[in-house]
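Reading the structure
Below are the chains, spelled out letter by letter.
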Amino acid sequence: MTLVGCDLHSRKQQVAVLDTTTGEVLEQELAHDGDTVERFYRALRPPVTIGIETTGYTQWFHTLMHRLGHTVLVGEAGKIRDLRALVAHRVRLVRMRTMVKNGLQAIALNQRLALRSKLWTQQGLAQLRALPLLAHTTRRRDDSLELLVWLTTRIDQLDELIATVAAANPCARLLLTHPGVGPLTALTTVLVLGPLPRFPDSKHVVSYIGLAPAINASADKHHLGKITKQGNALLRWVLGQAAPLAARADEDLRRHYFAVLHRRGRPKAKVALARKLLVRLYVMLRDQIDYVEFRRRGRVALARHAAMPMS
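The structure displayed is predicted, hence computed values, not measured ones.

The rules we used
Residues numbered from 1 in each chain as written. Predicted model: local features only at pLDDT ≥ 70, side-chain atom pairs only at ≥ 80, totals over all residues. Heavy atoms only, no water. Phe/Tyr/Trp six-rings, centres within 6.5 Å; stacked < 30°, edge-to-face > 60°. Buried < 20%, exposed > 50% of the residue type's maximum accessible area, 1.4 Å probe, protein only. Helix = DSSP H or I, 4+ residues; strand = E, 2+ residues; numbered from the N terminus. Contact = heavy atoms within 4.5 Å. Axes fitted to C-alpha atoms, helices over the stretch in contact; angles between N-to-C directions. Parallel < 35°, antiparallel > 145°, perpendicular 65-115°, else oblique. Left-handed = near helix turned anticlockwise from the far one by under 90°. Nonpolar A, V, L, I, M, F, W, Y, C, P; charged D, E, K, R; others polar.

Structural notes on the packing of aromatic side chains
Per the counting criterion, the structure on display carries five aromatic pairs. Geometrically, the ring pair formed by phenylalanine 40 and tyrosine 41 is edge-to-face, given 5.3 Å between the ring centres and 85° between the ring planes. Assessed through its relative accessible area of 11%, phenylalanine 40 is described here as buried. Centroid distance tyrosine 41 to phenylalanine 61: 5.5 Å. Interplanar angle 75°. Geometry classified as edge-to-face. Highlighted residues: tyrosine 41 in helix 1 (residues 36–42) and phenylalanine 61 in helix 2 (residues 59–68), separated in sequence by 20 residues. Each member of the pair, tyrosine 41 as well as phenylalanine 61, carries the same accessibility label: buried. Within the aromatic cluster, the residues linked to one another by ring pairs are Phe40, Tyr41, Trp60 and Phe61.

Here is the structure:
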């Protein structure tokens, strides 16, 4: 099977081609004059599926691809970008709220009010408001508390909207069956990964998101370094938030986390946990299965492996 991602313009197009049989990837720019486009698409290994964004001046392209027997999928780029903007906006507000909370914690600690997470309870906030502070620090505290209420209200509204959108998306609903995966994680994963056939396997997904370790090579030696962070930062952050929650409810994830923690330390264990969760979500989307079926297949594979004779 051949998959083509096409960025179509009026006078030219940029294409990225994946041959799923060989794994070969090709990127090329095609001019629309002459028969260049027809010769290129005619030479592709069938069956061919082409993905393009909704745009104008494409009737000739649809007609040509239909004549060649290729399938054309049209993505509503505007809606996809708008949903990405929704989840990105929510993440930005959460980061802003974290900054505000850190500032308020600093004010409290400077006054020996060390309540940690209890600072955000009604009693803790009452103690914070009652602190006798200098004029400018008082204004900073009061403005920050007002901003905290505003941010929390907006975040709650966005969470409701994201939950509604995720519930209406069949793929997101599948991911919501995994413990620890909420509407934000499910919807962000679906939006960022997009059409899954463009990934030959889970290793390509991990690399695409930037959770694969960089390889430092010299002569015939190489070692693995830190993660590349060259992929989608939004999904990396979301997975980092969701993975600990998933590990609390899933024994296999929890065991994996502590195994890496004891060998490599906490930062690497957190990355490994996010990577493990990403692979799980990819498999569930690829095979269109829920969490229960995912675990059942895992138990079957484990039992089959245990039953294999020792060589």
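Here's the deal with the environment of glutamine 14
Inspection of the secondary structure puts glutamine 14 in strand 2 (residues 12–19). In contact with glutamine 14, not counting residues within four places along its chain, are Gly5, Cys6, Asp7, Glu27, Gln28 and Glu29.

Some details on the packing of helix 8 (residues 202–209) against helix 11 (residues 266–287)
Put simply, helix 8 and helix 11 touch, their axes get as near as 10 Å, and they point 125° apart. Between helix 8 and helix 11, the interaxial angle falls into the category oblique. Helix 8 and helix 11 meet at a crossing whose hand is right-handed. Counting all contacts with helix 8, which are made through Ser202, Val205, Val206 and Ile209, the residues of helix 11 involved are Arg275, Leu278, Val279 and Tyr282. The residue makeup of the contact of helix 8 with helix 11, split by class, is six nonpolar, one polar and one charged.

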